Amino acid sequence: MCMAPNLVQIRALAKEKEDENWRFRRFVKTECDLDPDEMDQQVFETTRRVWAGIDCTACANCCREVRPTFSEEDMKRLAARLGVSPQQFIDAYLQPTEDETNPWETRTTPCPFLKDNRCSVYEDRPTNCKGYPYLYEPEFAFRTMGMIERTFTCPIVYEVIEELKQSWGFRLRRRR
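Every value quoted in this text rests on a predicted model; they were computed, and no experiment measured them. (Residues numbered from 1 in each chain as written. Predicted model: local features only at pLDDT ≥ 70, side-chain atom pairs only at ≥ 80, totals over all residues. Heavy atoms only, no water.)

Asker: Residue-level account of the sheet that holds strand β1 (residues 69–70), with values.
Answerer: Pairing within the open sheet is antiparallel, and its 3 strands lie in the order β1-β3-β2. Bordering the open sheet on either side are β1 and β2 (94–96), each of which pairs with just one other strand. Relative to strand β3 (residues 104–106), β2 is paired through 3 bridges, and the arrangement is antiparallel. Following the sheet pairing, L94 is matched in β3 by T106. Sitting on the sheet, helix α7 (residues 86–93) touches β1, β2 and β3, and the angle it makes with β2 is about 90°. (Pairing = 2+ DSSP bridges. Helix = DSSP H or I, 4+ residues; strand = E, 2+ residues; numbered from the N terminus. Contact = heavy atoms within 4.5 Å. Axes fitted to C-alpha atoms, helices over the stretch in contact; angles between N-to-C directions.)

In structure tokens, the structure reads:
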């Protein structure tokens, strides 16, 4: 049974654990004795377990708070889906970014394609939406900064980080 996350509670808990999470990041990078492949495998397994218990469509917080970026291919695919020219699509929905790979992002939050907590262009959504929240990407140790930031918006990331702290032997240390 999937639970609907309490977004207010997740945000408050993430704020409360922010310093601890930064110490966990340091632990992952300097003290954790897992090799990178083993670390990634454990992140993937933990993610599968946590994700099975959370209903993303009851949350959709990423679509409310994060501006997806669009590659040239993403933009053209969505323009075609909506039956408009690429320039019309850009004019209606996008603004430039400084990223050469993904040169546009949505103008607004929530995402203009979010309808009733679901993506109205799901099959053609931008590539970076397909991978969000990036817990299945390799080299977790090099991506911990982004993961900590996502604990504020994604209940799955928050829960995965909390489980990893326990399973990897992270001990909360008092600041001196």
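Read on for the rest.
Asker: Could you give an account of the pattern of salt bridges, with specific residues and numbers?
Answerer: Here the structure, examined in full by the defined rule, presents 12 salt bridges. Of the charged contacts in the structure, one is a salt bridge between K17 and E162, with a shortest N-O distance of 3.1 Å. Linking K17 in the loop between α1 (7–16) and α2 (18–30) with E162 in helix α10 (residues 155–167), this pair joins segments that are 145 residues apart in sequence. For the pair K17 and E162, one class covers both residues: buried. Within this structure, K17, E20, E162 and K165 form a network of salt bridges that share partners. (Salt bridge = Lys/Arg side-chain N within 4 Å of Asp/Glu carboxyl O. Buried < 20%, exposed > 50% of the residue type's maximum accessible area, 1.4 Å probe, protein only.)

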